[in-house]
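Residue-level structure breakdown
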Amino acid sequence: MKEKERERTRKKESVKETQKMKGISIKVKLLGIILPVVILIMTLLVGVSYYISRSIIRNYSRNLLSSSISSQASQIKGWLNENLSAFQMVKQMIEQTSPDEEQLQGILDAYCGYHNNYPQGLYIADENGTLITAAGAGKTEADPVQSVWYKEGLTRWNMGFTSAYTNEAGEEVISASGILNDDSDTVKVISADLTLQRISIIVNSYIEMDQAQAFLVSADGTFIAHHDNTLISKKLSELNDPFMDHVAAKIEQQDFELAEIDQNMTAMAQIDGTDWILVSYIPIEIIFSDIDTVRTSMLVIGLISALILAVLVERVVHMVIRPVKKLTNVITSMTDGDFTVSMQTKSSDEIGIMSRHVEKFIVSMRAMIASIHEVSDKLNQQAGNSDVISGQMYDASRQQGISMRELNETVEQLSLSVNEIAENASELAMIVADTKKAGDQVNDRMQQTVEVSKHGKADMQHVGSAMDDINVSMGKLQQAIDKVGKASGEITKITGMIGDIADQTNLLSLNASIEAARAGEAGRGFAVVATEIGNLAQTSANSVHDIEKLVEEINSLVKDTITQTEESVENINDSSRLVEGALATFDKIFNNIDDVSGLVQEMLVKVGEVDNVATNAAAISQEQAASAQEILSASETMVTQVDSITGNSEGVSEGAKELKSSAEELYGQVARFKTKKEAGVQ
């Protein structure tokens, strides 16, 4: 039964250990490491590629934008120089030929509608305000001398462009003007207008970079050309646009370097020969739109590649791990004690070499476990026999030790009892001696008590006689008080009669006074007598009233006295009965004291005899106590020896149990290992 229980426990522990060791498989771990690394590498490659591509495209766009704005500036400069050369040629022709007014008009008319850039041709104004234009030009000036083109033309001999302005026709234009030297005494300025809308077309038509935009501004930030014609002649600062504000700041600082302004790649170039600045820009999101598409495509391709790679890695890992998994199962079975398994492989790699060495280990372990199994059987049998013998020895020595301890406890109790008897006997002898002395004193006291009780008995008899006399006196007092009560009743009746007489007398006095009053002078003396009789009657009535109050108080006191007398009589009767009871009790006490006195005499005789016996018993008890001490000392020595023997036996028994336990454990450990397959198990 123990073997089966041990085997079940071992299997449970083995199952728990196996479950604990299973954890995550190598395949999952490898996939968990390889796949994230591959995904991370592909993500990094896509990120690096995107970053490099973005940098290349950024540099390319910067170069293209720089090239575009340089080309635009050159084109605009060539266009301006072309027009300016045409104007300068006309100016030189007029200056060289010095035509008259008719010839001059013919020259101006010839250039009217000659070119789309300046359809109105050229015109001339002198210092007197005279304006000479082509016949079909339709240009008018109320005060040419105050116009922009005239004022700026006076500043130069060669023709040059003015700043943008609005002419009297409401058109946004710039003019090419200069002093006309025709050898006359009048200062003249020749000029030709170019519309800003035409310049805007020229500016926007020369843009080489797709989806880029450009505008032309003067040094003070005034728009000269823009694809939005409504902005022409307005200043950059009037738009309340952050991009335009940054452009105006850079123009003010004369900083024309290519830069990214508010998510726009911006290039600037100054047009030679003018104070104009050409600004070309393109939103960065347009530049990188294609690369963002490429990035998304690369991410999708990378994700698909990662999935394909994950499947390939899983298959490769599975093929590589399969022999390892088989080897793991064999090692797990060996860990559970099953050496009936075998490991056969044809592979020559590291796993194949490991498998062949594991097979050799299994064969050697089978032989060793079989040998250990035989030795453990023999050792288990010998340990069982040793355990039985040592157990018997231990039980015998333990039983002997128990018996010796019981004997020792008995002897110890006997010694204590003898010592207590000796001590009690000595104390008894002393107590008996003291009792004899006390008995003599008690006898003397008893004799005195007898004499005192005789006198007390006589006194109690006198008290009883006195209580009888008091009882008789109280009876007489009660009778006297009763008589007083009756007398007060008679007095009350008498005072009632006197009161009635006083009332009648008072009434008669009143009637007499009335009659005397009727008699007049004749009855005056009778009226005085009647008045005195009335006063006497009133005085008598008052005295009767006072007597009644005194009688009432006397009656109240008599009643209280009667009540107290009755209570006193009852108390005296009770006291008399108690005195009689006390007298009877005292008689019994006297008789008992007399009897006790006789018993005390007899007790004194017996105590003398007990004193002699207690003295002899004390001496014998002392001798027995000394003998018990010697027996107790010998018993303790035997108990010590038996404890030593029991301890040694217990050590032998524990050693035998440990040996048996070790043998059983060895047998159980060896029994886990299977070296032969069970019948019916393949």
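Going by the structure above, here's the rest.
Notes on the structure follow. (Residues numbered from 1 in each chain as written. Predicted model: local features only at pLDDT ≥ 70, side-chain atom pairs only at ≥ 80, totals over all residues. Heavy atoms only, no water.)

Notes on a negative patch on the surface
- A surface patch of like charges, here negative, comprises Asp482, Glu566, Glu567 and Glu570.
- Top contributing element to the negative patch by residue count: helix α10 (residues 524-672), with three residues.
- Checked against the element boundaries, Glu570 lands in helix α10. (Patch = residues over 30% accessible without salt bridge, like charges linked within 9 Å, V, L, I, M, F, W, Y side chains within 5 Å. Areas by Shrake-Rupley, 256 points an atom, 1.4 Å probe, with all protein chains shown as cover. Salt bridge = Lys/Arg side-chain N within 4 Å of Asp/Glu carboxyl O. Lys, Arg positive; Asp, Glu negative; His and termini not counted. Charge placed at Lys NZ, Arg CZ, Asp CG, Glu CD. Helix = DSSP H or I, 4+ residues; strand = E, 2+ residues; numbered from the N terminus.)

Thoughts on a nonpolar patch on the surface
- A surface patch of nonpolar side chains, amounting to about 370 Å² of accessible area, comprises Ile33, Val37, Ile41 and Leu45.
- Here Val37 shows up in helix α2 (residues 26-97).

A word on helix α6 (residues 242-252)
- Among the residues making up α6, those that are buried are Phe243, Met244, Val247, Lys250 and Ile251. Across the axial projection of α6, the buried residues extend over an arc of 120°, all falling on one side.
- Residues of α6 that are buried in the fold lie against β7 (213-217), β8 (223-225), β9 (259-261), β10 (264-270) and β11 (277-283).
- Put simply, Asp241 is the residue that caps the front of α6, since its side-chain oxygen is 3.1 Å from the backbone nitrogen of Phe243.
- Looking at the residues trailing α6, positive phi occurs at Gln254, about 60°. (Buried < 20%, exposed > 50% of the residue type's maximum accessible area, 1.4 Å probe, protein only. Arc of directions from axis to C-beta. Contact = heavy atoms within 4.5 Å. Polar contact = N/O pair within 3.5 Å; in protein donor to acceptor, adjacent residues only side chain to side chain.)

Some details on the packing of aromatic side chains
- Enumeration according to the criterion identifies eight aromatic pairs in this entry.
- Ring centres 4.8 Å apart and planes at 85° place the aromatic pair Tyr123 and Trp149 in the edge-to-face group. Of this pair, Tyr123 sits in strand β1 (residues 122-126) while Trp149 sits in helix α4 (residues 148-153); the two residues are 26 residues apart in sequence, bridging distant segments of the chain.
- Taken together, a centroid distance of 4.8 Å and an interplanar angle of 55° make the contact between Phe243 and Tyr281 tilted. One end of the pair, Phe243, is in helix α6; the other, Tyr281, is in strand β11, with 38 residues separating them in the sequence.
- Site record: aromatic cluster; members linked through ring pairs are Phe215, Phe223, Phe243 and Tyr281.
- Above the face of the Tyr123 ring, Lys139 is positioned so that its terminal group lies 4.5 Å from the ring centre. (Phe/Tyr/Trp six-rings, centres within 6.5 Å; stacked < 30°, edge-to-face > 60°. Lys NZ or Arg CZ within 6 Å of the ring centre and 35° of its normal.)

Remarks on the sheet that holds β11
- Taking strand neighbours across the sheet as the criterion, the five strands line up as β8-β7-β11-β10-β9 in an open arrangement whose pairing is antiparallel. Two strands bound the open sheet, and with one partner strand each, they are β8 and β9. Strand after strand, the sheet turns through a mean of 40° between neighbouring axes, direction not considered.
- One ladder, built from five bridges, connects β7 with β11; its direction is antiparallel. Directly across from Ala214, in β11, lies its bridge partner Ser280.
- Lying on the sheet, helix α5 (residues 196-205) is in contact with β7, β8 and β11; it crosses β8 at an angle near 70°. (Pairing = 2+ DSSP bridges. Axes fitted to C-alpha atoms, helices over the stretch in contact; angles between N-to-C directions.)

Digging into the side chain of Lys188
- Residue placement: Lys188 occurs in strand β6 (residues 188-195).
- According to the relative accessible area criterion, Lys188 is buried, its value standing at 15%.
- In terms of polar contacts, Lys188 uses its side chain to reach the side chain of Asp182, at 2.9 Å.
- In this view, Lys188 contacts Ile124, Ala125, Asp126, Gly178, Ile179, Leu180 and Asp182; residues no more than four positions away in its chain are not counted.

Comments concerning the environment of Ser147
- The residue Ser147 is located in the loop between β2 (131-132) and α4 in this model.
- Among the residues examined, Ser147 registers a relative accessible area of 9% and is labelled buried.
- The spacing of Ser147 and Asn167 is 20 residues in sequence and 8.4 Å in space, taken between C-alpha atoms.
- There is a polar contact of 2.6 Å between the side chain of Ser147 and the backbone oxygen of Pro144.
- Looking at Ser147, its side chain comes within polar contact range of the main-chain nitrogen of Tyr150, at 3.4 Å.

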